[in-house]
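# A look at the structure
Okay, here's what each chain looks like letter by letter:
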Amino acid sequence: MNRREALKTIWLAIVAAGASSFLSFEDLLAADANPDKRINLVWLHASSCSGCSCSFLNIEDVSVLDILTKFANLIFHPDLSLATGDQVTEILDKVSASGMPYLFVLEGGIPTAMPHACLMADQPITYWVEKLGSKAIASVGIGTCAVFGGVTNMKGMETGSIPLDAFYARKGITQAVINLPNCPLKPEHLVYTLLHYAYKGSFPSTDSKGRPLKFFDRTVHEHCIFYADFQEKHYARYIGDAGCLLKLGCQGPLTRNDCLIIGHNGNTNICIRAGHPCIGCASEHFPRRVMFHIASDPQGVSEDS
Ligand code: SF4
Ligand code: SF4
């Protein structure tokens, strides 16, 4: 079997086996990459804590270096690129003027009411997102801030932060946006999405909010290890108790995500397996004003639900 056939076979196996087979990315990366299919990546931070970048760099199943060199061509990343100051402006101006095809990755919410809240090379981030996003072949919003606003537009924030797709709608930018919410991003979701783009020339199919169905077609609740307890109405009353965490405010029934299939930190654990209610970090309601269930919390799960 030649290199091309091997790569194709591995890729088809991954697609057929579903998202739970992420370990097989190692096989994919072990095969020679096809330089013709490398995607150019421009990655920016708007208002963010850089948690999604850290999460991406911590991926354990594959080498980040392989992803960014064999399978993608990283043109710019605020933390990883060596360029500073004028060099950054030069690179980004050149990219947007060149007509080269690239994917635009955005981490963080976009502060539209307070432009100086997030500056890069003396320009507000809104300038860069419009300039680079509008020229990209497609965009990827990573993390709940870029997808739903998340922490950056929680109650009390005055930056007027909005998600990437809302910003595009405001600016009349019509290109496709794929959304990968999670606080922080699950790196497997991004790697899968990028490899899908590299090998198929398209993003995986998504729901109406731009989230890949592969990861977000079901709620956390539907995959939950405590689902039988839920059905038997066996509820935990305190953190650490055995049983369904619903009455401690679990947001699993309201949150679409594959956490009980792909957890955090190389799938070593996830909130619910650690005995903690889901706080809905991938949902449009995150962060809630009150994280746990109390009767006065309007977004909490009521005792009757
Ligand atoms: S712990 Fe949460 S996600 Fe699990 S069954 Fe109970 S309500 Fe559903
Ligand atoms: S279980 Fe809930 S809070 Fe925890 S990572 Fe998944 S979606 Fe986020």
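Residues numbered from 1 in each chain as written. Chains lettered and ligands numbered in written order. Predicted model: local features only at pLDDT ≥ 70, side-chain atom pairs only at ≥ 80, totals over all residues. Heavy atoms only, no water.

Turning our attention to the environment of Ala-176. Here Ala-176 shows up in the loop between helix 8 (164–171) and strand 9 (177–180). Spatially, the C-alpha atoms of Ala-176 and Ala-138 are 5.2 Å apart, while their sequence positions differ by 38 residues. If we skip the residues at most four places from it in the chain, Ala-176 touches Ala-138 and Ser-139. (Helix = DSSP H or I, 4+ residues; strand = E, 2+ residues; numbered from the N terminus. Contact = heavy atoms within 4.5 Å.)

Next up on the list: the nonpolar core. In globular proteins that are soluble, nonpolar side chains generally tend to be buried together. By size, the foremost hydrophobic cluster in this structure holds 28 residues, and its most contacted members are Phe-56, Leu-103, Val-140, Ile-142 and Leu-190. Only strand 1 (39–45), helix 3 (51–57), helix 4 (64–71), strand 3 (103–107), strand 7 (138–142), strand 9 and helix 9 (187–200) provide two or more residues apiece to this core. It is helix 9 that contributes the most residues to this core, seven residues altogether. Residue contacts for Phe-56: discarding those within four places in its chain leaves Trp-43, Val-64, Ile-67, Leu-68, Leu-185, Pro-187, Leu-190 and Val-191. Counting residues in hydrophobic clusters, the runner-up holds 26 residues, among them Ile-75, Leu-92, Phe-104 and Leu-164. (Core = buried A, V, L, I, M, F, W, Y, C linked by side-chain atoms within 4.5 Å. Buried < 20%, exposed > 50% of the residue type's maximum accessible area, 1.4 Å probe, protein only.)

When two helices pack together, their arrangement is given by the angle between the helix axes and by the axis-to-axis distance. Contact pair helix 6 (residues 125–133) / helix 8: the axes reach a minimum separation of 11 Å and the direction vectors enclose 80 degrees. Accordingly, the angle class assigned to the pair helix 6 and helix 8 is roughly perpendicular. From helix 6, Thr-126, Val-129, Glu-130 and Gly-133 reach across to helix 8, where they touch Leu-164, Phe-167, Tyr-168 and Lys-171. Classifying every residue of the contact of helix 6 with helix 8 by side-chain character gives four nonpolar, two polar and two charged. (Axes fitted to C-alpha atoms, helices over the stretch in contact; angles between N-to-C directions. Parallel < 35°, antiparallel > 145°, perpendicular 65-115°, else oblique. Nonpolar A, V, L, I, M, F, W, Y, C, P; charged D, E, K, R; others polar.)

A few words now on unusual backbone geometry. Residues Cys-183 and Pro-184 are joined by a peptide bond in cis, for which omega reads 5 degrees. Tracing the sequence through the fold places Pro-184 in the loop between strand 9 and helix 9. At the junction of Phe-286 and Pro-287, the peptide bond is cis and its omega measures out at -5 degrees in the coordinates. In this fold, Pro-287 is placed in the segment after helix 12 (264–267). Even without glycine at this site, Ala-121 takes up a positive phi of about 50 degrees. The residue Ala-121 is located in the loop between strand 5 (119–120) and strand 6 (123–124) in this model.

This brings us to the packing of aromatic side chains. In total, this model carries six aromatic pairs according to the counting rule given. On the numbers, 5.2 Å between centres and 45 degrees between planes, the contact of Trp-43 with Phe-56 is tilted. Of this pair, Trp-43 sits in strand 1 while Phe-56 sits in helix 3; the two residues are 13 residues apart in sequence, bridging distant segments of the chain. The same class applies to Trp-43 as to Phe-56, namely buried. Note on Phe-215 and Phe-216: the rings are 6.4 Å apart at their centroids and 90 degrees apart in plane angle, and the pair reads as edge-to-face. Side by side, Phe-215 and Phe-216 carry an identical accessibility label, which is buried. Members of the aromatic cluster, joined through ring pairs, are Tyr-192, Phe-215 and Phe-216. (Phe/Tyr/Trp six-rings, centres within 6.5 Å; stacked < 30°, edge-to-face > 60°.)

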